[in-house]
Amino acid sequence: MNHRPYHSLEGHRWIKLILGASFQNLPAAEHLALVWSLAQVDCIDLCADPAVIQAVERGFTQAEMWCRQRATPWQRPWVMVSLNDGEDPHFRKAYFPSVQCPRDCPRPCAQICPADAIDSRGVSPSLCYGCGRCAPVCPLGIIDFQAVSLRPQEVGSLLAEAPIDALEIHTQVGHGEGFRRLWQGIAPLVNRLKLVSISFPDAPGLRDYLQELAAFLAGSALQTTAKNYIIWQTDGIPMSGDLGVNSAKASIRLAEKVLSWNLPGYVQLAGGTNHTSLSLAQDRALAIAGIAYGSYARQRVQEVLLQPIHPFEQPRDRTLPEATLQRAVAVARSLVNPLKSSQEITSYGELNSPVP
C-alpha cells in the first residue's frame with residue numbers, strides 16, 4: 001500500500017491535482033496523469049466517470065514504465081473521485097443552440113474557452129468542464145448551463161469496480177439532507193476508502209455545518225484510518241480558473257477561519273490556488289496540510305504539451321515526445337517542489353537521464 005499520501009498530510013506536504021468534477025477530455029486526462037504522477041503529487045481528483053478513471057490509469061501505467069526504464073522510484077498517486085450533494089457549479093456543462101449564433105459572430109466564447117470546447121457547431125460536452133467563462137462574453141446571452149451530476153442511488157453501482165482510493169464531496173451550508181442521501185448512495189464504497197475530502201465555499205453558518213458533518217463522519221462506517229484523515233478543502237473561489245494572482249487570497253481567508261475551528265482532520269487550500277498560494281499561507285503561518293491545484297496548474301502544463309485538440313475530434317497518436325514530456329514535468333514540479341522535501345522528490349536531473 002502507498003502510505004506516502006498519509007505521510008504528506010501529517011507533514012503538511014500534501015499536494016493534489018484537480019482534473020475537475022466535469023472534466024471528461026480523455027486524452028488530456030491521460031497526459032495530465034502521466035505528467036503530474038511523474039511530478040509526484042499525492043492525489044489526482046477527477047469526475048465520477050469510469051472512462052476518465054481508466055484514462056488516468058493509462059497515464060499512470062505510462063509513468064510507471066517511464067520510471068522503470070530509468071531505474072527511478074515512482075509511486076501511484078491516489079485517485080479521488082468528486083461527487084456533489086446538491087446543486088453545484090463544479091458539476092455542469094455549457095450549452096447554446098448553435099442555430100441562433102450569427103455567422104458573423106466573432107465568437108468571443110471560443111476565444112476565451114480554456115478547453116477549446118466551442119466551435120461553430122456548439123459546445124463539445126466531452127471537453128467542457130463548466131468553468132463559466134464563456135457565458136459573460138456572449139454577445140447574445142444565449143449560453144446556459146446544464147447540470148451533469150449523478151443521482152445518489154447511481155453512485156455506488158457505477159463506481160463499484162473502479163480503482164478509487166478516496167472521495168471528495170462538494171457541499172455547502174444547508175445541504176445536510178442531500179449529504180446524507182449521497183452517503184447512502186456511496187455505502188458500497190465506504191469500507192475501502194482511504195480518506196474523504198469535504199469541499200465547501202464560505203457562507204454564514206459554515207462553522208456549525210462543518211461541525212455537523214464532522215460528527216456525522218465520526219459515526220459513519222468509514223474505516224478508522226479514513227476517519228483520522230478527513231480533509232477540509234477550503235474552496236475560496238469555486239470554478240475560479242485563472243482569474244489572477246488575487247484569486248488565491250479567498251482560499252487563504254477561508255482557511256484561516258476553518259483552522260480556528262479545530263475540526264478533526266486536515267485543512268487544504270483550493271479554489272483560486274496558483275503559484276502565490278503557498279507563500280501567502282506561509283506569510284500568515286497557516287498550519288495547512290497542503291494544497292490542491294486546479295485549472296491554473298492544468299493550463300500551465302497543457303500549454304507546454306502544445307497539443308490543441310479540435311473540440312469534436314480525438315488525436316490518433318497520444319504519445320508525448322520525450323522533450324515535451326520533460327518540459328511539462330518541469331512545469332508541474334515548479335508547483336510541487338516548494339512544498340515537498342528533497343528526500344521525497346527524485347531530482348529532475350535523474351528523471352531526465354537517458355533510457356538505458
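Every chain is numbered independently, its residues counted from 1 as its sequence is written. Residue-level local features of this predicted model are given only where pLDDT is at least 70; pairs of side-chain atoms are given and counted only at 80 or more, and the full residue set underlies all totals for whole chains, interfaces and linings. To obtain the side-chain values, all non-hydrogen atoms of the structure were included, while hydrogens and water were left out.

Q: Quick question: what am I supposed to make of the overall build of the protein chain here?
A: Comment: elements are numbered from the N terminus, with helices defined as DSSP H or I runs of at least four residues and strands as E runs of at least two. Of regular secondary structure, the protein chain possesses 15 helices and 12 strands. Looking at the protein chain residue by residue over its 356 residues, the buried ones come to 56%. Contacts are assigned to residue pairs with any non-hydrogen atoms lying within 4.5 Å of each other. Taking contacts inside the protein chain between residues at least 6 apart in sequence as the whole, the part at least 24 apart equals 79%. Accessible surface, the protein chain as shown: approximately 15200 Å² in total, 52% of it carbon and sulfur. Residue burial is assigned from relative accessible area. The probe radius is 1.4 Å, only protein chains are included, and a residue is buried under 20% of its type maximum, exposed over 50%, and partly exposed in between. Residue exposure ignores everything except the shown protein chains as possible cover, and the areas themselves are Shrake-Rupley values with a 1.4 Å probe.

Q: Mind showing me how you'd approach the layout of surface pockets here?
A: Space left empty within the atom packing is revealed by a probe, the size of a water molecule, rolled over the atoms. Buriedness of a pocket was judged along seven lines, with at least five required to meet protein on both sides within 12 Å; pockets are open sets of points on a 1 Å grid over the protein atoms alone, cavities are sets where a 1.4 Å probe fits but cannot get out, and lining residues have an atom within 4 Å of a point. Grid points are joined across faces, edges and corners, and a volume is the space filled by probe spheres set on the points. Its volume calculated, the second largest pocket comes out at about 230 Å³. Taken together, 11 residues form the lining of the second largest pocket, with L34, Q62, W66, T319 and L320 sitting closest to its centre. Elements represented by at least two residues in the lining of the second largest pocket include exactly α2 (26-38), α3 (50-69) and α14 (322-336). Top element by residues in the lining of the second largest pocket is α3. It accounts for four residues.

Q: So what exactly am I meant to see when it comes to the packing of aromatic side chains here?
A: Two aromatic rings, taken as a pair, are described by how far apart their centres are and by the angle between their planes. Ring pairs are drawn from Phe, Tyr and Trp, using the six-membered ring of Trp, whenever the two centres fall within 6.5 Å, and their geometry is named by plane angle: stacked under 30 degrees, edge-to-face over 60, tilted for the rest. The tally for this structure, following the rule as stated, stands at eight aromatic pairs. Chaining the aromatic ring pairs together yields one cluster made of Y6, W78, Y229 and Y266. Criterion for a charge above a ring: Lys NZ or Arg CZ within 6 Å of the ring centre, and within 35 degrees of the ring normal. A cation over an aromatic ring shows up here: R70 above the ring of W66, its NZ or CZ 3.9 Å from the ring centre. The lysine or arginine in question, R92, covers the ring of F145, its NZ or CZ lying 4.2 Å from the ring centre.

Q: Even after reading the chapter, I still don't get the environment of V304, so can you show me in this structure?
A: Locating V304 in the fold gives a position in helix α13 (residues 295-305). Taking the C-alpha atoms as reference points, V304 and V329, separated by 25 residues in sequence, lie 9.4 Å from one another. Once residues lying within four places of it in the same chain are set aside, the contact partners of V304 are T324, R327, A328 and V331.

Q: Would you mind showing me how to read unusual backbone geometry here?
A: Positioned with a positive phi, N262 is a non-glycine residue whose angle comes to about 55 degrees. Tracing the chain through its elements places N262 in the loop between α11 (248-260) and β11 (266-270). One non-glycine residue, A285, lies in the positive phi region at around 55 degrees. Within the secondary structure layout, A285 lies in the loop between α12 (277-283) and β12 (290-293).

Q: Where do I start with the packing of α2 against α13 in this structure?
A: Between two packed helices, the angle of one axis relative to the other and the distance separating the axes together describe the packing. Here, axes are lines fitted to C-alpha atoms. For helices the fit covers the stretch in contact, and angles between N-to-C directions go from 0 to 180 degrees. Running from amino to carboxyl end, α2 crosses α13 at an angle of 100 degrees, the nearest separation of the two axes being 11 Å. Between α2 and α13, the angle falls in the class roughly perpendicular. Here α2 contributes A28, H31, L32, V35 and W36 to the contact with α13, which in turn contributes A297, R298, V301, Q302 and L305. Looking at the contact of α2 with α13 residue by residue, the classes come out as seven nonpolar, two polar and one charged. For classification purposes, an angle smaller than 35 degrees is called roughly parallel, one larger than 145 roughly antiparallel, one from 65 to 115 roughly perpendicular, and anything else oblique. The nonpolar class holds Ala, Val, Leu, Ile, Met, Phe, Trp, Tyr, Cys and Pro. Asp, Glu, Lys and Arg form the charged class, and all remaining residues, Gly among them, are polar.

Q: Would you explain the pairing of strand β1 (residues 14-20) in this entry?
A: Every regular strand shows the same layout, with side chains that alternate between the two sheet faces. Summarising burial for β1: seven of the seven residues are buried, a large majority. The side-chain alternation of β1 yields two buried faces, one formed by W14, K16, I18 and G20 and the other by I15, L17 and L19. Where β1 and strand β2 (residues 43-47) come together, four bridges link them in parallel fashion. By the bridge assignment, I18 is partnered in β2 with D45. When DSSP finds two or more bridges between two strands, those strands count as paired.

Q: Any chance you could explain the confidence of the model for the protein chain here in plain terms?
A: Should pLDDT be low for a region, the predicted coordinates there are not to be read in detail. Chain-level statistics for the protein chain give a pLDDT mean of 86 and a share of 89% at 70 or above. Within the protein chain, the element-level pLDDT minimum falls on helix α15 (residues 348-351), averaging 42, and the maximum on helix α9 (residues 206-218), averaging 97. pLDDT expresses, on a scale from 0 to 100, how confident the predictor is about each individual residue. Contacts for the low-pLDDT stretch residues 345-356, under 50 throughout, to residues beyond four places or in other chains number 30 contacts.

Q: Sorry if this is basic, but what is going on with α3 here?
A: In an α-helix, one full turn covers 3.6 residues, which means residues spaced three or four apart are oriented alike. A helix is expected to span 1.5 Å multiplied by its residue count minus one. In a regular helix each residue adds 1.5 Å, so 20 residues correspond to 28 Å; α3 covers 29 Å between its end C-alpha atoms and thus fits that length. Among all positions of α3, only V52, I53, A55, V56, E57, G59, F60, A63, W66 and C67 are buried. For α3, the N-terminal capping position is held by D49, with its side-chain oxygen 2.9 Å away from the main-chain nitrogen of A51. Of the residues flanking the end of α3, it is A71, one or two places downstream, whose phi is positive at about 50 degrees. Throughout this description, a polar contact denotes any pair of N or O atoms lying within 3.5 Å of each other; where both atoms belong to protein, one of them has to be capable of donating a hydrogen while the other can accept it, and for residues adjacent in sequence the pair is counted only when both atoms sit in side chains.

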